[in-house]
Amino acid sequence: LWKLKQGEMKFNMDYSFNRVTANATNITTYFLNDGNRVITENRSGTEHEHSVNGKLIYELNKRTTFINNTLQTHFSWNDILLNTTGSIPNEQYADIPDYYINNSFKMVKRFKEKHLITFESRNEWESLPQTLNIKINDSQYSQSVEDRAFFTHENVAYAFNIKGITVSLESGLKGYWRSMNS
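Keep in mind that what you see is a predicted model, and the values were worked out from it rather than measured.

1. Looking at the overall build of the protein
Inference 1: From N to C terminus, the protein includes zero helices and nine strands.
Inference 2: Listed N to C, the secondary structure of the protein is β-β-β-β-β-β-β-β-β in terms of helices and strands.
Inference 3: For the protein, the spread of C-alpha atoms along the three principal axes comes to 90 × 40 × 25 Å.
Inference 4: Looking at the protein as a whole, 20% of its 182 residues are labelled buried.
Inference 5: Of the contacts made within the protein by residues no fewer than 6 positions apart, 58% connect residues no fewer than 24 positions apart.
Inference 6: Within the protein, one finds 20 positive and 20 negative side-chain charges whose respective centroids are separated by 17 Å.

2. A short note on the environment of Asn-61
Inference 1: Counting through the fold element by element, Asn-61 comes out in strand 3 (residues 37–61).
Inference 2: You can call Asn-61 exposed: its relative accessible area is 61%.
Inference 3: Sequence separation of Asn-61 and Lys-163 is 102 residues, and the distance between their C-alpha atoms is 27 Å.

3. A look at the pattern of salt bridges
Inference 1: Tallying each qualifying case throughout the model produces six salt bridges.
Inference 2: Put simply, Glu-124 and Arg-122 hold a salt bridge, and the shortest N to O gap is 2.5 Å.

4. Structural notes on the pairing of strand 2 (residues 7–30)
Inference 1: Pairing of strand 1 (residues 2–4) with strand 2, which is carried by three bridges, proceeds in the antiparallel orientation. Note that in strand 2 the partner of Trp-2 across the bridge is Met-9.
Inference 2: Linking strand 1 back to strand 2 in an antiparallel pair, the connection comprises two residues.
Inference 3: Taken together, the 23 bridges between strand 2 and strand 3 define a ladder with antiparallel strand orientation. Paired with Phe-11 across the strands is Leu-56, a residue of strand 3.
Inference 4: Remark: six residues form the turn of the hairpin made by strand 2 and strand 3, two consecutive strands paired antiparallel; Gly-35 in that turn has positive phi of roughly 125°.

5. Some points on the side chain of Thr-118
Inference 1: Within the fold, Thr-118 resides in strand 7 (residues 115–136).
Inference 2: In this view, Thr-118 contacts Lys-106, Met-107, Val-108, Asn-155, Val-156 and Ala-157; residues no more than four positions away in its chain are not counted.

Conventions and cut-offs
- Residues numbered from 1 in each chain as written.
- Predicted model: local features only at pLDDT ≥ 70, side-chain atom pairs only at ≥ 80, totals over all residues.
- Heavy atoms only, no water.
- Helix = DSSP H or I, 4+ residues; strand = E, 2+ residues; numbered from the N terminus.
- Buried < 20%, exposed > 50% of the residue type's maximum accessible area, 1.4 Å probe, protein only.
- Contact = heavy atoms within 4.5 Å.
- Lys, Arg positive; Asp, Glu negative; His and termini not counted.
- Charge placed at Lys NZ, Arg CZ, Asp CG, Glu CD.
- Salt bridge = Lys/Arg side-chain N within 4 Å of Asp/Glu carboxyl O.
- Pairing = 2+ DSSP bridges.

This is the structure:
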């Protein structure tokens, strides 16, 4: 928390790391008309997950003005390695990051004791660029997916008082854009 000449600022950040390992064995029998098929698998996997979260808040609260701006972030990146031996030996590697940013802004301004203007803005962006690589014998296969989204919501309101009756007008805009490439 920092007290500024005009308002105050708060900041919070955290980091986490998680490592998971797993081993499993499967024996699957397919009963077919032309003979049974038995598939054996021995899997050994490791996942690493890193995550960083942050929040920055600026706030001003005066007699005729209120302002709040909150910026939030969430960045995580995972990598997964899976080795499989048995009937169909293969190695799989996945990279699964997630990047997210959100900014929320609100301003309320009062003037001439009977008029009030409120402006609100919310913007969010997320990106999920993911890849999967598979190695079977001497062959390599790869798949990439890039998913991005942006959301915005902007609005403004004006209110005034006439002889004890409050009249209010509000207008705004919402938008959502999304793209995916594979």
